[in-house]
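Chains, contacts and geometry: an overview
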Amino acid sequence: MLYATPASEQDARTRLQRAIAGSELPCYVYSYPSKRAYRPVQPARTLAEVWAGARDRLNLYVHVPFCGYRCSFCTLFLTTSHSPQMVDDYVAALQRQVAMYGALLGHLEVVSLYVGGGTPTTLSPDQFSTVFEALHRAFPRFSPTAEVAVEGSPDTMTAERLERLKALGVNRISMGLQTLDEEERKRAGRPYSTQTLYQAVETIQRVGFANVNYDLIYGLEGQQRETWLHSLSTTVGFGPRTVTLYPVVFRPLTVIDKRREKHAGGFMDDGSKYALYDESVAWLAERGFRQNSFVRFSTLEHDGLQQEVADFAGVPLLGLGAGARSYADTVHYGTDFAVRRPETLDIIRGFISHEHRPDEPLGLGFVLDEDEQKRRFCILNLSLGRLEPGAYAQRFRGAGLDDFAEELDALILEGCVTVDREGSYALTPLGFKFSNVIATLFKSPTVDALERDFLPT
Ligand SMILES: C[S@@+](CC[C@H](N)C(=O)[O-])C[C@H]1O[C@@H](n2cnc3c(N)ncnc32)[C@H](O)[C@@H]1O
Ligand code: SF4
């Protein structure tokens, strides 16, 4: 007997088929909902109320919004117009904010700390010591296996900084290389020399960290298959345990977006980017790199970014600093953010002069009801390659994955996931490749509408 395919399953399948056939490459997914869906939280809630139920474990993220230059593609929250005084004041404000949160959450076990940016390595060794001391004072229960990660750029990786970071317990260093081609690098707005880049790599190797990650970008202006493969093979030759390969994202207000409007011919299309992705995945697999997500590959036994694993499994994340986001159990929130210079400086100055009190109301955020929490769980776990019904049931008081039967059936029918003996959904290579498309199937209409209405500043 033939059964008719339910309409919504057909919808999910049709959307998936269309996206795969059209080589659609939506934005890389690393959170849900994205910050573009954040709005003033109503009714107002205080920080203390939002975190009242926190037990057990915690991820920490510290944002350092300073860079020596803004790269052509970058809309991360940062300024290049900071003075030494502003950085000092920022570190002092971080200390106050950390102490305030320590009073609320200092009983939790910290399972990861990620210092990101911007370019955190614009901080001096002593400023890093100040920040780490404040964190350890406020959060005395650091897990002995905690991942402690710091990001930086090649022109700021001095031996003095790296040695201090190592002494402070940092075990993961991440550096943006983006491209090893000099012309591509210049066009991307990164003004350091190839020699500086090699020196940074050498210093990182000499100081020695358990996990070194390098970021590369494909799809930059003028980039060719050959220059990309050169960047990739040279980078892997440096011996990192993890590499992160981003397809370039064109966002409003960026130099690269304007360049593409004028010189579309200088950029590869999404199909060509997917071709480079395929070639890179196969090349890395031959060299012992396991795929952790669409962008991340590692030779470590575990995933090359433990904070993401813990976050996606439901461990809350406390974001510190201007531009950082926090993911409490049911509420995500953060400061305002911007790309333009005056708005960005206003937000950083606001953070510096802020009193940081537990009874202050949240600014921008998003309250996740149970449906949104379930969507988040599916999107983020699938992005790391595996959705386990047992973990889902544990998280949602015995619930099954039936709410997403149509989406999951569509993924099976289109060869994006397989179901293993334990009943877990595991991404196939095709599923990894289209994991950003898969995420869109699980997004709620509410989040979709909020993200569409967002206007960048
Ligand atoms: C905070 S930065 C890394 C550290 C340091 N600021 C640097 O650039 O060397 C984060 C990474 O996100 C990636 N990234 C940022 N904007 C991007 C975009 N529009 N498209 C693709 N990747 C992007 C880059 O690879 C960058 O290394
Ligand atoms: S890619 Fe890194 S260095 Fe460049 S602007 Fe963004 S955060 Fe700063």
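Residues numbered from 1 in each chain as written. Chains lettered and ligands numbered in written order. Predicted model: local features only at pLDDT ≥ 70, side-chain atom pairs only at ≥ 80, totals over all residues. Heavy atoms only, no water.

Digging into unusual backbone geometry
- Omega for the peptide link from tyrosine 32 to proline 33 comes to -10°, which places this bond in the cis form.
- Inspection of the secondary structure assignment puts proline 33 in the loop between helix H1 (7–21) and strand E1 (39–40).
- At serine 23, a position not held by glycine, the phi torsion is positive, near 50°.
- By the element assignment, serine 23 lies in the loop between H1 and E1.
- Of note, the phi angle at histidine 356 is positive, near 60°, even though the residue is not glycine.
- Relative to the elements of secondary structure, histidine 356 occurs in the loop between helix H12 (341–353) and strand E13 (364–367). (Helix = DSSP H or I, 4+ residues; strand = E, 2+ residues; numbered from the N terminus.)

Description of the site of ligand 2
- Every residue lining ligand 2 is accounted for by Cys67, Tyr69, Arg70, Cys71, Phe73, Cys74, Leu78, Gly118, Thr119 and Arg190.
- The class makeup of the residues in the shell around ligand 2 is six nonpolar, two polar and two charged. (Near = heavy atom within 4 Å. Nonpolar A, V, L, I, M, F, W, Y, C, P; charged D, E, K, R; others polar.)

What to know about the packing of helix H5 (residues 159–167) against helix H7 (residues 194–207)
- Put simply, H5 and H7 touch, their axes get as near as 10 Å, and they point 30° apart. Where H5 crosses over H7, the two elements pack in a sense that is right-handed. Contacts between H5 and H7 involve Ala159, Leu162, Glu163 and Lys166 on the former and, on the latter, Thr203, Ile204, Arg206 and Val207.
- Of the residues in the contact of H5 with H7, the class split is four nonpolar, one polar and three charged. (Axes fitted to C-alpha atoms, helices over the stretch in contact; angles between N-to-C directions. Left-handed = near helix turned anticlockwise from the far one by under 90°. Contact = heavy atoms within 4.5 Å.)

Thoughts on helix H17 (residues 435–442)
- Of all eight residues in H17, seven are buried, a share of seventy percent or more.
- When H17 is considered as a whole, its buried residues turn out to be Ser435, Asn436, Val437, Ile438, Ala439, Leu441 and Phe442. (Buried < 20%, exposed > 50% of the residue type's maximum accessible area, 1.4 Å probe, protein only.)

A word on the sheet that holds strand E16 (residues 425–427)
- The strand order E14-E16-E15 describes an open sheet built from three strands, whose pairing is antiparallel. A strand with exactly one partner marks an edge of an open sheet, and here the two such strands are strand E14 (386–387) and strand E15 (417–419). (Pairing = 2+ DSSP bridges.)

Looking at the domain arrangement of the chain
- Annotation of the chain at the domain level lists domain 1 (7–27 + 369–448) and domain 2 (47–216 + 299–312).
- Between domain 1 and domain 2, the contact holds six residues from the first and five residues from the second.
- Carbon and sulfur atoms make up 58% of the surface buried where domain 1 meets domain 2, a total of about 430 Å² over both sides.
- Considering only the side of domain 1, the residues that lose the most area to domain 2 are Arg376, Leu380 and Leu384, jointly responsible for 82% of the buried surface there.
- Between domain 1 and domain 2 we count one salt bridge in total.
- Two residues, arginine 376 and aspartate 311, come together in a salt bridge whose shortest N-O distance is 2.9 Å.
- At the boundary of domain 1 with domain 2, the tally comes to two residue pairs in polar contact (both at pLDDT 80 or more).
- Of the residues contributing to the side of domain 1 that touches domain 2, the split by class is three nonpolar, two polar and one charged. (Domains from an automatic or database assignment. Buried area = accessible area lost by both parts, 1.4 Å probe. Salt bridge = Lys/Arg side-chain N within 4 Å of Asp/Glu carboxyl O. Polar contact = N/O pair within 3.5 Å; in protein donor to acceptor, adjacent residues only side chain to side chain.)

Details of the side chain of glutamate 451
- Of note, glutamate 451 is situated in helix H18 (residues 445–453).
- In terms of polar contacts, glutamate 451 uses its side chain to reach the side chain of lysine 443, at 2.7 Å.
- Setting aside anything within four residues of it in sequence, one finds glutamate 451 in contact with Pro33, Ser34, Arg36, Ala37 and Lys443.

Section: the packing of aromatic side chains
- Evaluation of the coordinates by the stated rule reveals 17 aromatic pairs.
- Plain terms: the ring middles of phenylalanine 250 and phenylalanine 267 are 5.5 Å apart, the flat faces sit at 85° to each other, and that makes the pair edge-to-face. Taken as a pair, phenylalanine 250 in the loop between strand E7 (242–247) and helix H9 (255–262) and phenylalanine 267 in the loop between H9 and helix H10 (270–286) lie far apart in primary sequence, 17 residues in all.
- Residue classification places phenylalanine 250 among the buried residues on the basis of a relative accessible area of 17%.
- For phenylalanine 267, a relative accessible area of 10% corresponds to the buried category.
- Here phenylalanine 377 and phenylalanine 396 contribute two aromatic rings whose centre-to-centre distance is 5.8 Å and whose plane-to-plane angle is 80°, an arrangement assigned as edge-to-face. Of the two residues, phenylalanine 377 is situated in helix H13 (residues 370–383) and phenylalanine 396 in the loop between helix H14 (389–395) and helix H15 (405–413); the sequence distance between them amounts to 19 residues.
- Among the residues examined, phenylalanine 377 registers a relative accessible area of 6% and is labelled buried.
- Since its relative accessible area comes to 2%, phenylalanine 396 is described here as buried.
- When the ring centre of tryptophan 283 is taken as origin, the NZ or CZ atom of arginine 287, which lies over that ring, is 3.8 Å away. (Phe/Tyr/Trp six-rings, centres within 6.5 Å; stacked < 30°, edge-to-face > 60°. Lys NZ or Arg CZ within 6 Å of the ring centre and 35° of its normal.)

Examining the nonpolar core
- Judged by nonpolar contacts, the single largest core of 142 residues is most densely connected at Trp51, Leu60, Tyr101, Phe139, Leu318, Leu411 and Phe442.
- Counting residues per element, this core draws most heavily on helix H3 (residues 84–105), at ten residues.
- Two domains share this core, each providing at least three of its residues, namely domain 1 (7–27 + 369–448) and domain 2 (47–216 + 299–312).
- Sequence-distant contacts of leucine 411, defined by excluding residues within four places in its chain, comprise Leu16, Leu382, Cys416, Val417, Ile438, Leu441 and Phe442. (Core = buried A, V, L, I, M, F, W, Y, C linked by side-chain atoms within 4.5 Å.)

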